[in-house]
Amino acid sequence: MRAIITVIGKDKVGIVAGITTELTKYNINIIDINQTIMEEFFTMVLMVDLSKAKESFDEIKKALVLEGKSLGVDVKIQREEIFNSMHTV
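Predicted model, so just to flag it, every value in this text is computed and none were measured.

Reading the values: rules and limits
- Residues numbered from 1 in each chain as written.
- Predicted model: local features only at pLDDT ≥ 70, side-chain atom pairs only at ≥ 80, totals over all residues.
- Heavy atoms only, no water.
- Helix = DSSP H or I, 4+ residues; strand = E, 2+ residues; numbered from the N terminus.
- Contact = heavy atoms within 4.5 Å.
- Pairing = 2+ DSSP bridges.
- Axes fitted to C-alpha atoms, helices over the stretch in contact; angles between N-to-C directions.
- Phe/Tyr/Trp six-rings, centres within 6.5 Å; stacked < 30°, edge-to-face > 60°.
- Lys NZ or Arg CZ within 6 Å of the ring centre and 35° of its normal.

(A) Focus on the environment of Glu-40. Within the fold, Glu-40 resides in the loop between strand S2 (29–38) and strand S3 (41–49). Sequence spacing of Glu-40 and Lys-10 is 30 residues, and the spatial spacing of their C-alpha atoms is 5.9 Å. Setting aside residues no more than four positions away along its own chain, Glu-40 makes contact with Gly-9, Lys-10 and Asp-11.

(B) Structural detail: the sheet that holds S2. A sheet is described by the order of its strands in space; here four strands give the open sequence S2-S3-S1-S4, paired in antiparallel fashion. Edge positions in the sheet fall to S2 and strand S4 (73–79), since each of these pairs with one other strand and no more. The sheet shows a mean angle of 10° between the axes of neighbouring strands, taken without regard to direction. The sheet contact formed by strand S1 (residues 2–10) and S3 spans nine bridges and is antiparallel. Among the inter-strand pairings, Arg-2 is bridged to a residue of S3, identified as Asp-49.

(C) Layout of the packing of aromatic side chains. Going through the model one piece at a time under the given rule, you end up with zero aromatic pairs. Positioned above the aromatic ring of Phe-41, the side-chain terminus of Lys-10 is 5.5 Å from the ring centre. The ring of Phe-57 has Arg-79 lying over it, and the distance from NZ or CZ to the ring centre is 4.0 Å.

Right, dumping it as structure tokens:
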């Protein structure tokens, strides 16, 4: 299964490292990543492969949200099919 992760918040050192380290803990592979800084705001979108993760989607989601809070950013994860259906006109 693939998922889309979005990360948004005030820019600071360590955001990419914190999120990607958390993904490594769960054996989640990054398929695609795009990040930018818009004025003082950091934004990142990742497409990830969850097929080798042993934990449930809900456990992974909780861990990413918790890591986001510790970094001071908002992290959301959605299954790819839900993301696609929400963004189809």
